[in-house]
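Secondary and tertiary structure notes
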Amino acid sequence: MKITDRINRVDGVEKINGTARYIEDIKFENLHYGRTLRSEISKGRIKCIKYPQLPENLWVIDANDTFINQVAMITTDMPIFADGYVNYKGEPIALIAGKDKNEIIRFMKNIEIEYEEEEGIFDFGSGDNIFSEQEYTKGDLETLEYDKVFEKSYSTGYQEQLYMEKQGLVGDFSDGRLIIYGSMQCPYYIKNALIHSTGLADHDIRVIQSETGGAFGGKEEYPSLLACQVAAASMKIGAPVRLIFDRREDIVFTTKRHPSKTLVKTYLKDHRIVGMEFDFGIDAGPYLGLSDVVLQRGILSLTGCYLIENLRVKGTTYKTNNIFTGAFRGFGAPQTLFALEQHMNQLANHLGYDPLEFRRPYFVKRGDISSTSGIYNEEIKLDEMADRLAEMAGYDKLKEEMGSYRGIGISFIPHGGGFTGDGEAEHIKSVVKLKKDTDKNIHILVSSVEMGQGAKTVLSKIVASVLDIEIDRIIYENPDTLLVPDSGPTVASRTTMVVGGLLYKAALRLKDSMESDVEIEIVENYKQPDYVKWDQENLRGNAYMSYSWSAVLAVVEVDPLTLEITCKDIYAVYDVGMPMDEKTFIGQVHGGIAQGLGYAMLEVMTTKDGLIEHNSFSSYTVPTIVDMPRMHTDWILNPYKEGPYGAKAAGELTLVGVAPAIASAVENAMDIEIKELPVTSENILKELLI
Amino acid sequence: MIVEFKLNGEDVKVETGLAMRLLDVIRNDFDLKGTKEGCAEGECGACIVFLDGMIVNSCMMPMNNVIGKEVVTIEGFSKTERYKEIEKAFMVEGAVQCGFCTPGMVMATEGLLKLGISLTEEDIKVGLSGNICRSTGYEAIYRAVRKLTQEVVLND
Ligand code: FES
């Protein structure tokens, strides 16, 4: 087959007819169920826990049952079970496990916990309670000559991944060996966390992904916590233990997108931007987890598609007693790029320019010096994308048609593929294997998971195309760490570009041996492209090895009476190098637009004393089919030399540009300034009353 | 107590409580795992089955309302000719990603097709608005269903 062939998903049929097996569908002998005993307060010491008489067939698993009571993510600051002290409402204290769910619930009703409560911290950004800070500069702001400063603050709220399949894992310990099954993005993150927490040897731990019903970042680091818990439980009981959240638990107590506050200051001379300053803060909750990495992607994206000569960027994570925040498609960039793009829009309005034409002179080009003083290595076609977008949408005509209560807004977004800087080479060190068996079928052996995004289809297609064989000769099972090498986590839009790139090389090496009758295994190790130079200490160099780009235009209408917002159209042009499979790519585009639209105007999530108030599908409203705008999408071809068949990152990019475009469109419709996400009728009213 | 009903064409009996959810009975007592629990409050449509030919959220359906009735789950429906057309349209349009909403979406689609009348864009969208999909952005699903409604109506 060829990479340009139109194909159907390789995992479609079993999902459509309902035979695909998710963790809740899999049977285990002698299965015990776990339920989490959670803190009822936000901060304080646990004075004592009074358990009722424990029936013979129930178990309490807590900090005492762990070898090391830490969840190793990037940091190890989060305990598996709170040990005498709690830091947020809902923090796990123990797991109650048994074979009868009703008995567990009855038992849990009679548990009494006495606390010595302390005052929690729920606000962030004041300069207190700093967890971590990162800073970088470019050029010189100190001696800058300018005649005007334009300064605005922006904020964004929580967003919940709301994958349709809730978090769930099973831990099964027997004969000295531990197996974890379940819904996850990163089998090796879980394995490494278990090596740390259980004290078991590497070869006694095995992690097997089951069909995963959506993840969006929500199953990146969080399942490591659950794995440590079910491991401890199974090791204590000696039977498989299953922990599957109910929906309220899943919404309220798992990681969210970080709420953020961004101050943007632009220095102008003769109506031109000569320098910018950013101060970005996020609420990490009580444990750092991945937050410092999210912060980094956020601040490294902060100048977006624009060449800014003089720059000061500061990012801060704040420690609070709110819910623990973490990975979600976009990973810090949706927050910073909302701030940047709103700012650019408001600046254009302020100076009296068209928002599209205002941006153009600042578009980065190949050879330009990036915000982190690296050199843009690849061809960048932002002007071409802007032209295409304007043509598709009929920009000039559309602009004239807009009037009161109808508006258009645009955004231009970069997204760096793979880990930041030299992360792929220094930390991830991806390995892939290709095996040709004696029947001449090809096995893809990687730790990248299929979670809906189409990894199985795209990676199989790349290998089949290089080998020029039919795709049904490719076998790509859900990863099992016993069988697959560590190709890194399924995150950061890296699967097609990085893992696919390695498989492409492995397939090229295998190609000449396809006729042989013996089994052949090819191993391919990641090698960093020569041009990537990165100084992690000072955040200097090529922040990403390549960038994907989007140009988005939104058309909205606002109801004059109710101020209800309707997004009528989204026009979007993408540069993802070469899309590997058009249908899969467009699926990512549409899904990303839906989540971006939710983030922009529907998904309101607030807390009270650290507890999420929007805790169900009826109160946390994600887009349904009737909320979707008409989507007009296109892409330009711009092959990336290091990517397989020229592919770059695609998955996250598609979400990021939607919210700023919609927010700008609302500004345009209502002649107000939007500085907060999500944009709701209430927010519009507030602005109108100012 | 013993509840008798018809499940995917067969007469069945099950020892259960009248307040038990149909969803749990089909998943646990009959081991039919294609019907999914998404939200457990009747908002997401992942658990849709047919009850006497009408689509219902099985998470909201107590067994009391199932006595003597006919239930069809995705396992039963996937044996039909009509299912094959839906599967094909979903495959060709790319209407499935993570798949967790998909069996419910298929049942909701059949709910629309069964009407046997030509449907407007709005009819289709309203008809599918009880099914949440967090992956696809709905466009491919909409296209698949539109195509099906056109073909089915033409054929019938
Ligand atoms: S395909 Fe994942 S929720 Fe619909």
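None of the values given here were measured: they were computed from a predicted structure.

1. Description of the overall build of chain A
For chain A, the helix and strand inventory stands at 17 helices and 28 strands. The C-alpha atoms of chain A give a radius of gyration of 25 Å, which matches the 26 Å a tight globule of 690 residues would have. In terms of overall dimensions, chain A has C-alpha extents of about 75 × 70 × 50 Å along its principal axes. Residues counted as buried form 66% of the 690 residues belonging to chain A. When the accessible area of chain A is evaluated, it comes to approximately 24,600 Å², of which 47% is carbon and sulfur surface. Separation of charge centres in chain A, based on 72 positive and 102 negative side chains, amounts to 2 Å.

2. What to know about the overall build of chain B
Within chain B, the regular secondary structure consists of six helices and five strands. Along chain B, helices and strands appear, N-terminal first, in the series β-β-α-β-β-β-α-α-α-α-α. The C-alpha atoms of chain B give a radius of gyration of 15 Å, which matches the 15 Å a tight globule of 156 residues would have. Reported as C-alpha extents along the three principal axes, the dimensions of chain B are approximately 45 × 30 × 25 Å. Contacts spanning at least 24 positions in sequence make up 57% of the contacts within chain B whose residues lie at least 6 apart. For chain B, the exposed surface amounts to about 6,300 Å²; the carbon and sulfur share of it is 50%. Of the charged side chains in chain B, 17 are positive and 24 negative, and the gap between their average positions amounts to 4 Å.

3. What about the interface of chain B and chain A?
Taken together, the contact between chain B and chain A spans 42 residues of the former and 49 residues of the latter. Notably, a salt bridge pairs R27 of chain B with D25 of chain A, separated by 2.7 Å at the nearest N-O pair. Inspection of the chain B/chain A interface yields 20 residue pairs in polar contact (both at pLDDT 80 or more). Looking at the side of chain B that touches chain A, the elements with two or more residues in it are α3 (81–93), α4 (102–113), α5 (121–128) and α6 (139–155) of chain B. If one sorts the elements of the side of chain B that touches chain A by residue count, α3 of chain B sits on top with six residues. Broken down by class, the residue content of the side of chain B that touches chain A amounts to 18 nonpolar, eleven polar and 13 charged.

4. Some details on the state of the cysteines
Counted under the stated rule, the structure contains zero disulfides over all chains. Free of any disulfide, C567 of chain A has its nearest cysteine sulfur in C133 of chain B, 18 Å distant. The buried category is assigned to C567 of chain A, whose relative accessible area is 4%. A relative accessible area of 4% means that C133 of chain B is categorised as buried.

5. Some remarks on a nonpolar patch on the surface
Residue and element names in this part refer to chain A. A surface patch of nonpolar side chains, amounting to about 300 Å² of accessible area, comprises L685, L688 and L689. Relative to the helices and strands, L688 is located in helix α17 (residues 681–689). With a relative accessible area of 39%, L688 lands in the partly exposed category.

6. With respect to the domain arrangement of chain B
All names here are of chain B. Segmentation of chain B into domains returns domain 1 (2–77) and domain 2 (81–148). A straight line from the C-alpha centre of domain 1 to that of domain 2 covers 21 Å. Every contact between the two is made by 17 residues of domain 1 and, on the other side, 15 residues of domain 2. Carbon and sulfur atoms make up 72% of the surface buried where domain 1 meets domain 2, a total of about 1,300 Å² over both sides. Per-element tally for the side of domain 1 that touches domain 2: the top contributor is strand β3 (residues 48–51), with three residues. By residue class, the composition of the side of domain 1 that touches domain 2 is nine nonpolar, five polar and three charged.

7. Brief notes about the layout of surface pockets
Size it by volume and the largest pocket reaches roughly 1,200 Å³. Surrounding the largest pocket, 36 residues form its lining, Y33, K101 and R242 of chain A together with D24 and N28 of chain B being those nearest its centre. Every element with two or more residues in the lining of the largest pocket is listed here: β1 (32–38), α2 (101–109) and β12 (241–244) of chain A together with α1 (22–29) of chain B. Here the residues of the lining of the largest pocket are counted per class, giving eleven nonpolar, six polar and 19 charged.

8. Some details on α4 of chain B
All names here are of chain B. Look at α4: 16 Å from first C-alpha to last across twelve residues, which is about the 16 Å you get at 1.5 Å a residue. Taken across its twelve residues, α4 has twelve buried, putting it largely inside the fold. Of the residues making up α4, those classed as buried are T102, P103, G104, M105, V106, M107, A108, T109, E110, G111, L112 and L113.

9. Points about empty space enclosed by the protein
All names here are of chain A. Applying the stated rule across the entire model yields eight cavities of 30 Å³ or more. Volume-wise, the largest cavity comes out at about 760 Å³. Along the walls of the largest cavity sit 48 residues, with Q453, S493, Q588, G651 and E652 positioned nearest its centre. Listing elements by their share of the lining of the largest cavity, those giving two or more residues are α6 (291–300), α12 (455–467), α13 (495–511) and α14 (582–602). Its residues placed into classes, the lining of the largest cavity shows 24 nonpolar, 17 polar and seven charged. Approximately 120 Å³ is the volume attributed to the second largest cavity. Lining the second largest cavity are M497, V498, G501, L502, K505, Y526, K527, P529, M545, Y640 and E642. Of the residues in the lining of the second largest cavity, the class split is seven nonpolar, one polar and three charged.

Cut-offs applied
Residues numbered from 1 in each chain as written. Chains lettered and ligands numbered in written order. Predicted model: local features only at pLDDT ≥ 70, side-chain atom pairs only at ≥ 80, totals over all residues. Heavy atoms only, no water. Helix = DSSP H or I, 4+ residues; strand = E, 2+ residues; numbered from the N terminus. Rg over C-alpha atoms; globule rule 2.2 N^0.38 Å. Buried < 20%, exposed > 50% of the residue type's maximum accessible area, 1.4 Å probe, protein only. Areas by Shrake-Rupley, 256 points an atom, 1.4 Å probe, with all protein chains shown as cover. Lys, Arg positive; Asp, Glu negative; His and termini not counted. Charge placed at Lys NZ, Arg CZ, Asp CG, Glu CD. Contact = heavy atoms within 4.5 Å. Salt bridge = Lys/Arg side-chain N within 4 Å of Asp/Glu carboxyl O. Polar contact = N/O pair within 3.5 Å; in protein donor to acceptor, adjacent residues only side chain to side chain. Nonpolar A, V, L, I, M, F, W, Y, C, P; charged D, E, K, R; others polar. Disulfide = S-S within 2.5 Å. Patch = residues over 30% accessible without salt bridge, like charges linked within 9 Å, V, L, I, M, F, W, Y side chains within 5 Å. Domains from an automatic or database assignment. Buried area = accessible area lost by both parts, 1.4 Å probe. 1 Å grid on protein atoms, 1.4 Å probe; cavity = no way out; pocket = protein on both sides within 12 Å on 5 of 7 lines; lining within 4 Å. Points joined across faces, edges and corners; volume = space filled by probe spheres on them. Expected span 1.5 Å × (residues − 1).

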